[in-house]
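The lines below spell out each chain.
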Amino acid sequence: MLGRRRNKVKWGAYLFLLPAFTLFAVFVAYPIGFNGYLSFHNWNGVSDTWQWVGLEHFERMFGERTIRLSLRNASFFFIGHLVNMAIALLLAVLLNNPIPGRNLARTLIFIPFVVAGSIVAVTWQTIYDPNLGPLNAILRGVGLDSLAQNWLADPKLAIWSIVVVGIWAGLGFNLVVYLASLQSIDQSLRDAARVDGAGRLQVFRFLTFPLLRNTHLVLIMLGIIGAVQGFEVPFIMTGGGPYGATTTLAIEVYKNVFNFSEFGYGAAVSVFTMVILVMLILLQRFLLREQRID
Amino acid sequence: MLAGDKSLRYFNFFLMVVVTTVLMLPILHALNRSVEPPGGLGNYIRVLTDARLPRFYLNSIIVSAGTILLTAGCASLAAFAFSKLTFPFRNTLLLTLLVTLLVPFTTMIIPLFVLIRGFDLYNTYLGLILPLAAFGVPFHTILIANYMNGLPNELMDAAYIDGCSDFGAFWRIMLPLSMPVQAVVIVLTFLGSWNNYLLPLILLRDQEMHTVALAAVSWANDAGALSQFGEVSYDTLFAALFLLAAPTLIVFLLFQRVFIGSVTSGAIK
């Protein structure tokens, strides 16, 4: 019979899974367990002995100013991501019109996304340079000398300077995702609404925006993941400074391990990062779960 | 289409040009600085003749190619099993892969460093390729399995009748038919491994092992561009940044359609 051989239980299937699951076990599953176990110990990274300290690292962590700042900064990155989504959506609606040159515009706006984050960070560092940078030069050029700032050295300003870099680098991604979703919406729906007398804004507000719901949700989830895991742009531009104003959880892990050899405490911070991320994603799924319309 | 009014169309075009130009300003700034006197276009010649540059490219090419091969290979084999074979614990194993999509890179910093050092792979290509691939495999397995689910099962029957083993059915039928999704895997893995900064930072030591992403930062450090204090001399920095970004830009411009398609399919699925 056709299909009988296909549906037979195949123990050989595990051979197909072996390479993938070996990699997974050694470099993903084992590290998670290792990290959790290490977070209850003191270890300097080289000695043979791990010293049990119980929950000490976690207690210390909740009193630490840099950890509070990391969480605050994660929320700022997320706000930046929401702004990013809004700009991307408006641009996508614009580029969904038959405008000559729109493919070129899309390509250009997408470029920052394919360039390495480290190159983006270095470029923006030179833009923000208080003396040589073009940003202050432009502000002084139009007579707004008072607005010229030390963008990365001012503790209040630095985090927003970095948020802007994130928006610039990620906009192209959000744009193409929104554009692809818009193109999957039947144009005749919008035409029908227009014929029925709806204005352009009403079509957007009551038709297009709700129809993009799943896309909003995916982008919000990616935004949460990105905000909690932020590392390279602040690490390169400010090293998390000034005075921890731009630090992130990943920067704190890195510093504790590679600058202070506090492997146990670093592990505790990274366990905390994973817990926060999983909780936020579950929370998002719960709050924005599929609403039934009866 | 409804009759659009003409002035609105001019306005849309105008708006698009303005927004795109504003977004391109950082790149134009870098382009402008890259040919600054006294070097002019010679800045590019100086970077191109810098002895370190070919090594940076080579390092990134080896790491990316290795990661792509390992990721695509492992993920395709596993995807074939999940999609076309029957075996116990299939759903449990698939669910395990799904859960790991939630594990943040941050959690991996310490264990990977300790593990790679323990395997004596610190400061080697393989020490970087293995974790990069391990992190990509779960997502790509699911991506490829979804694609293979769309390929008719009758093809498997035909392969068996023609005397193929399971591996034969994979190698001769399913793998060649899954090339469209393999292109997506290649593009996403290329971007992820070529541009990764954190893993090379913690797993490589010597400058001669540095990938392009690390090289950009050390170049900027040499120029004094990353410090709030001291002398800044941009010199060849911007030419170097463009040449370091060039491979991804060229690949992107050549395979634009696949790139944009891959990135959106990754997000929408």
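What you see as residue numbers is a count from 1 along each chain, following the sequence as written. All chains are assigned letters beginning with A, and all ligands numbers beginning with 1, in the order in which they are written. Per-residue local features are limited, in this predicted model, to residues with pLDDT of at least 70; the limit for side-chain atom pairs, both in listing and counting, is 80 or more; totals at the level of whole chains, interfaces and linings are taken over all residues. Hydrogen atoms and water are omitted, and side-chain values are computed over all heavy atoms in the structure.

(A) Broad picture of the overall build of chain B. Tallying secondary structure elements over chain B gives 13 helices and zero strands in all. Reading chain B from its N end, one meets helices and strands in the order α-α-α-α-α-α-α-α-α-α-α-α-α. Only C-alpha atoms enter the radius of gyration, while the globule expectation follows 2.2 Å times N to the 0.38, with N the number of residues. A compact globule built from 269 residues should have a C-alpha radius of gyration of about 18 Å, whereas chain B, at 23 Å, is more than 25% larger. When a residue's accessible area, from a 1.4 Å probe over protein chains only, is under 20% of the maximum for its type it is buried; when over 50% it is exposed; and in between it is partly exposed. The proportion of buried residues among the 269 residues of chain B is 55%. Only heavy atoms enter the contact rule, under which two residues are in contact if any of them lie within 4.5 Å. Long-range pairs, those at least 24 residues apart, make up 74% of the contacts in chain B between residues at least 6 apart in sequence. For chain B, the exposed area adds up to about 12,000 Å²; of that, 68% sits on carbon and sulfur atoms. Seen as two clouds, the 13 positive and the 13 negative side-chain charges of chain B have centres 6 Å apart. Only DSSP runs of H or I with at least four residues qualify as helices, and only runs of E with at least two residues qualify as strands; both kinds are numbered from the N terminus onward. Method for areas: the Shrake-Rupley scheme with a 1.4 Å probe, in which residue coverage is limited to the protein chains shown. A positive count includes Lys and Arg, and a negative count includes Asp and Glu. His and the chain ends are not counted in either. To locate a charge, take atom NZ for lysine, CZ for arginine, CG for aspartate or CD for glutamate.

(B) A look at the interface of chain B and chain A. At the interface, 98 residues of chain B touch 97 residues of chain A. Buried area: the sum, over both parts, of the accessible surface (1.4 Å probe) that disappears when the two are put together. Across the interface of chain B and chain A, roughly 8,400 Å² is buried in total on both sides, 78% from carbon and sulfur atoms. Basic side-chain nitrogens of Lys or Arg form a salt bridge, by our definition, when they fall within 4 Å of a carboxyl oxygen of Asp or Glu. Between the two partners, chain B and chain A, sit one salt bridge. Here Asp166 of chain B makes a salt bridge to Lys10 of chain A, at a shortest N to O gap of 3.5 Å. Polar contact criterion, stated in full: a pair of N or O atoms within 3.5 Å, where within protein one must be able to donate a hydrogen and the other to accept it, and residues adjacent in sequence count only if both atoms are side-chain atoms. Connecting chain B to chain A are 14 residue pairs in polar contact (both at pLDDT 80 or more). Element by element, the count of residues in the side of chain B that touches chain A is highest for helix 1 (residues 6–34) of chain B, at 14 residues. Taken together, the residues of the side of chain B that touches chain A sort by class into 77 nonpolar, 15 polar and six charged. Basically, the charged four are Asp, Glu, Lys and Arg, the nonpolar ten are Ala, Val, Leu, Ile, Met, Phe, Trp, Tyr, Cys and Pro, and anything else, Gly included, counts as polar.

(C) Up close: the packing of aromatic side chains. All names here are of chain A. Between the rings of Phe, Tyr and Trp (Trp by its six-membered ring), a pair exists once the centres lie within 6.5 Å; its type follows the angle of the planes, with under 30 degrees stacked, over 60 edge-to-face, and the other angles tilted. Tallying each qualifying case throughout the model produces 40 aromatic pairs over all chains. Judged by centre distance (6.0 Å) and plane angle (55 degrees), the rings of Phe231 and Tyr254 are tilted. Residue Phe231 is found in the loop between helix 11 (213–229) and helix 12 (232–237), and its partner Tyr254 is found in helix 13 (residues 249–258); the two are separated by 23 residues along the sequence. One exposure class covers both Phe231 and Tyr254, and it is buried. A ring pair is formed by Phe235 and Tyr254, whose centres lie 4.9 Å apart and whose planes are at 70 degrees; its orientation type is edge-to-face. Linking Phe235 in helix 12 with Tyr254 in helix 13, this pair joins segments that are 19 residues apart in sequence. No difference in accessibility class separates Phe235 from Tyr254, as the two residues are buried. Put simply, a charge is over a ring when the Lys NZ or the Arg CZ is close to the ring centre, within 6 Å, and near the line of the ring normal, within 35 degrees. The residue whose ring lies beneath Arg60 is Tyr265, and the NZ or CZ to ring-centre distance is 3.6 Å.

(D) Representation of the pattern of salt bridges in the model. All names here are of chain B. Tallied over the full model, the rule gives seven salt bridges over all chains. Its salt-bridge partner being Asp222, residue Arg52 comes within 3.7 Å of it at the nearest N-O pair. Taken together, the residues Arg52 in the loop between helix 2 (42–48) and helix 3 (53–84) and Asp222 in helix 11 (residues 212–222) connect sequence positions 170 residues apart. Note on Arg52: relative accessible area 27%, which makes it partly exposed. With relative accessibility at 56%, the residue Asp222 sits in the exposed group.

(E) Seen up close, the packing of helix 11 of chain A against helix 14 (residues 263–287) of chain A. Residue and element names in this part refer to chain A. Only the stretch in contact is used when fitting a helix axis, every axis being a line fitted to C-alpha atoms; angles between N-to-C directions are given from 0 to 180 degrees. Interaxial distance between helix 11 and helix 14 falls to 10 Å at its minimum, and their mutual angle equals 165 degrees. One element, helix 11, and the other, helix 14, form an angle in the roughly antiparallel class. Handedness of the helix 11/helix 14 crossing: right-handed. Where helix 11 abuts helix 14, its residues Leu217, Ile220, Met221, Ile224, Ile225, Val228 and Gln229 lie against Thr273, Ile276, Leu277, Leu280, Ile281 and Gln284. Classifying every residue of the contact of helix 11 with helix 14 by side-chain character gives 10 nonpolar, three polar and no charged. If an angle is under 35 degrees, it is roughly parallel; if it is over 145, roughly antiparallel; if it lies from 65 to 115, roughly perpendicular; otherwise it is oblique. Left-handed describes a crossing in which the near helix is turned anticlockwise from the far one by less than a right angle; the clockwise case is right-handed.

(F) Expanded view of the packing of helix 6 (residues 125–149) of chain B against helix 9 (residues 179–195) of chain B. Residues and elements named next belong to chain B. Following both chains from N to C, one finds helix 6 and helix 9 inclined at 160 degrees, their axes separated by 10 Å at the closest point. The angle between helix 6 and helix 9 places the two elements in the roughly antiparallel class. Crossing of helix 6 against helix 9: the hand is right-handed. Residues Leu132, Phe139, His140, Leu143, Ile144 and Tyr147 of helix 6 touch helix 9, and the partners they reach there are Pro180, Val181, Gln182, Val184, Val185, Leu188, Thr189 and Ser193. For the contact of helix 6 with helix 9, the residue count by class is 10 nonpolar, four polar and no charged.

(G) Focus on the side chain of Thr248 of chain A. Residues and elements named next belong to chain A. You can see Thr248 is positioned in the loop between helix 12 and helix 13. Its relative accessible area of 2% is what places Thr248 among the buried residues. Setting aside chain neighbours within four positions, we find Thr248 in contact with Ser70, Phe77, Gly230, Phe231 and Pro234.

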